Amino acid sequence: MSKVFGFSGGDNFYPGGSIYACGNPKEASLFLPIGPQVDVYFPPRKRSRISAPFVFDGEWLEQKQKTSIESLPDECLFEILRRLPAGQDRSGCACVSKRWLMCLSNICKSEICSNKIAAPKSTLNEKEGDDDEFGGEGYLSRSLEGKKATDIRLAAIAVGTASRGGLGKLSIRGSNSDRVVTNLGLKAVAHGCPSLKSLSLWNIATIDDEGLIEIANGCQQLEKLDLCKCPAITDKALIAIVRNCPNLTELSLESCPNIGNECLRAIGKSCSNLKSIAIKDCSSVGDQGIGFLFSSTSLLLSKVKLQALTISDLSLAVIGHYGKAVTDLVLNSLANVSERGFWVMGNGNGLQKLKSLTVGSCRGLTDVGLEAMGKGCPNLKAIHLRKSAFLSDNGLVSFAKAASSLESLQLEECHRISQLGFLGVLFNCGAILKAISLTSCFGFKEVNMVLPPTSPCESLRSLSIRNCPGFGNDTLSILGKQCPQLQHVELSGLDGVRDDGLLSLLESNEGGLVKVNLSNCVNLTNKAVSSLASLHGWTLEVLNLDGCKNVSDASLAAIAGNCPLLCDLDVSKCAITDAGIAALAEAKQFNLQILSLSGCSLVSDRSLPSLKKLGSTLLGLNIQHCNAISSSTVDMLVELLWRCDILS
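Per chain, residue numbering runs from 1 following the sequence as it is written. Side-chain atom pairs in this predicted model are given and counted only at pLDDT of 80 or more, local residue features only at pLDDT of at least 70, and totals for whole chains, interfaces and linings cover all residues. Heavy atoms from the whole structure form the basis of all side-chain values; hydrogens and water molecules are not counted.

Caption draft 1: Broad picture of the overall build of the chain. Numbering of helices and strands runs from the N terminus, with a helix taken as a DSSP run of H or I at least four residues long and a strand as a DSSP run of E at least two residues long. When you go through the chain residue by residue, the secondary structure sums to 24 helices and 20 strands. Within the chain, the fraction of its 648 residues that count as buried is 47%. Accessible surface, the chain: about 31900 Å² in total, of which carbon and sulfur atoms supply 52%. Each residue's exposure class comes from its accessible area (1.4 Å probe, protein chains only) as a fraction of the maximum for that residue type: buried when under 20%, exposed when over 50%, partly exposed otherwise. Surface exposure here means Shrake-Rupley accessible area, sampled with a 1.4 Å probe, where a residue is shielded only by the protein chains that are shown.

The following block contains the structure:
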């Protein structure tokens, strides 16, 4: 039988060849039934079923997994994604994976394929509009702080804002976390946000010249740049910004040790539109750089701030000679500048347009230098002097006589200034002086002074005296007679001010007080507050009695009956009870919007109906540290006063 089954036949038996397609007659599935009707053989149309299990090796599986779009190299993926129209298609693709997001963020506007496939008219017009709007006009602003400041978020911002008006303002404030912003994130912004106009980088040590140069090349509409604590950025990057961003108008540099004179030289040559510059704690900036900056004929700076620099008198001399367009000048913590520097700057005759001057922690500012500034700046309207240890009454009065346009004077921690200098300013600038402020000036002492008859200071509208221990009733009485048109009065932290002194000021005032701050004047009582309400209630809008521990319910009753225009009242840490709150609630034509009761331990749950009634107009209520008000009452207030912001 083996011979029979082994017979495979020949061509003579069947012209088409062997009847066994596989050449093996032992395969059971190849046998046909033997019968008189069967004279033709049909080979099987299907593969025979294999019952044995398949065996897969690891290499085969690995090849199968790679058969997707992710197996494409970056070059091919780039070519695909750059053909997408702007708008939802790009945003949707950016959500697929980080790889797709970063690839999309690296596509510049010039690299987007403009070829459009056939589409319905409506959708085609829509896509054309999307492509035209790539980058937009820069209406959007974004801010990243701390751990949120990462390259992935910057890439998402670059892709997402490209077709939605464009990114106009970006602020990044880094941290010391592991996930920080690098040059890759700035590169994404440079490619996807050509409309960027304002960029702020704070506390980012991982960004260097490469990232900022990308911004210079891709965001040429940049108008404002703020760099703070970016130690890896050097002159090279700033020079690229200056050359590629002709619209730059504001520049701020702080704690960038590798930015120095060469950068300022480039700014002087190329930044014809720069109007404002601030340089703080940049150790590489010296007199040479300041000279380059101001001596340039193409640069007309109007706002200048120099702080904590190693510059000397030479820089101030250059500013005084070449600063013809400067209107606002700030000089802080210039340890190497002496009296000579301020004197030369004032006599340089170049600061004719200067309107605002701020000098702080400069030991070189003395009586001689300040007088020179008053004479050399005829249009000076506002001056702020802080921590001027060698400035005395004589220098302040001499300055007031020379500064014929002075409207605002602020003195802070000038301990050699006393009542004589303060009143001397009022007597010499009484015609145009509008505001005067004293903060923490310890040279004031109450003395009996006999003043010559002078015309009152009719122009003064704002008076602020804060934390000056020697300021008391006598000086306040003189001020009341000398300044009858005051509208804003702040007497804060003055233990020497009592009812009689304040009454003298109130009775002498003719114009009507609008804003009054008497916080922490612990010796004031209900008598002074009641007089204030009765004499000036018809104009009073803001009243602050925070920390006046002798003020009680009687004052609130007077306020409720006489102050229909009052919209902001602060009686924190006063001796207020539920009866005082009830008096406020019963007031007619009362339009109170802000009420602060913080630290009023005598206000309890019984004030709930009164507060509910006041809630018809209240927008803000502070009941912090009111220990007699229970949490359930607070919950009810939150529910009832749904329009009001409640601090509890």
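Caption draft 2: Up close: the nonpolar core. Remark: nonpolar core denotes a set of buried residues (Ala, Val, Leu, Ile, Met, Phe, Trp, Tyr, Cys) joined through side-chain atoms within 4.5 Å. By size, the foremost hydrophobic cluster in this structure holds 179 residues, and its most contacted members are I267 and F422. Here this core takes six residues from helix 10 (residues 235-244), the largest share from any one element. Whether two residues are in contact is decided by their heavy atoms, any of which lying within 4.5 Å being enough. Discounting chain neighbours no more than four positions away, the residues touching F422 are I436, L438, F444, L463, I465, F471 and L479.

Caption draft 3: Inspection of the state of the cysteines at higher detail. Our working definition of a disulfide is a cysteine sulfur pair at a distance within 2.5 Å. According to the stated counting rule, one finds zero disulfides in the structure shown. The thiol sulfur of C600 is not disulfide-bonded, and the nearest other cysteine sulfur, from C626, lies at 5.5 Å.

Caption draft 4: View of the packing of aromatic side chains. Ring pairs are drawn from Phe, Tyr and Trp, using the six-membered ring of Trp, whenever the two centres fall within 6.5 Å, and their geometry is named by plane angle: stacked under 30 degrees, edge-to-face over 60, tilted for the rest. For the structure on display, the rule yields two aromatic pairs. Seen from their ring centres, F444 and F471 are 5.9 Å apart, and the 55° between their planes marks the pair as tilted. Within this pair, whereas F444 is found in the loop between strand 12 (435-439) and strand 13 (462-466), its partner F471 is found in the loop between strand 13 and helix 18 (473-482), the two being separated by 27 residues in sequence. Assigned by exposure class, F444 and F471 land together as buried. As a reminder, the over-ring test applies to NZ of lysine and CZ of arginine, requiring each to be within 6 Å of the ring centre and within 35 degrees of the ring normal. Here the basic side chain of R173 rests over the ring of W202, its NZ or CZ set 4.2 Å away from the ring centre. The ring of F292 carries R265 above its face, with NZ or CZ at 3.9 Å from the centroid.

Caption draft 5: Inspection of the packing of helix 9 (residues 209-218) against helix 10 at higher detail. Where helix 9 contacts helix 10, the axes come no closer than 8 Å and their chain directions differ by 0°. Taken together, the axes of helix 9 and helix 10 are roughly parallel relative to one another. In contact with D209, L212, I213, I215, A216 and N217 of helix 9, helix 10 contributes K236, A237, L238, A240, I241 and N244. Axis definition: a line fitted to C-alpha atoms, over the contacting stretch in the case of helices. Angles run 0 to 180 degrees between N-to-C directions. Any angle that is under 35 degrees is reported as roughly parallel, and any over 145 degrees as roughly antiparallel; angles of 65 to 115 degrees are reported as roughly perpendicular and all others as oblique.

Caption draft 6: Spotlight on the pattern of salt bridges. Between Lys or Arg on one side and Asp or Glu on the other, a salt bridge is scored when a side-chain nitrogen of the former is within 4 Å of a carboxyl oxygen of the latter. A full pass over the atoms with the stated rule returns eight salt bridges. Put simply, E250 and K224 hold a salt bridge, and the shortest N to O gap is 4.0 Å. Taken together, the residues E250 in strand 5 (residues 250-254) and K224 in strand 4 (residues 224-228) connect sequence positions 26 residues apart. Residue class for E250 comes out partly exposed when judged on its relative accessible area of 35%. Among the salt bridges present, the one from K573 reaches D546, with a minimum N-O distance of 2.9 Å. Of this pair, K573 sits in the loop between strand 17 (568-570) and helix 22 (578-585) while D546 sits in the loop between strand 16 (542-544) and helix 21 (553-562), placing them 27 residues apart in sequence.

Caption draft 7: Layout of the side chain of S392. Assignment of secondary structure puts S392 in the loop between strand 10 (382-386) and helix 16 (393-402). Separated by 2.5 Å, the side chains of S392 and D367 make a polar contact. Sequence-distant contacts of S392, defined by excluding residues within four places in its chain, comprise D367, R416 and I417. Within 3.5 Å is the distance limit for a polar contact, defined as a pair of N or O atoms, with the added protein rule that one can donate a hydrogen and the other accept it, and that residues adjacent in sequence qualify only through two side-chain atoms.

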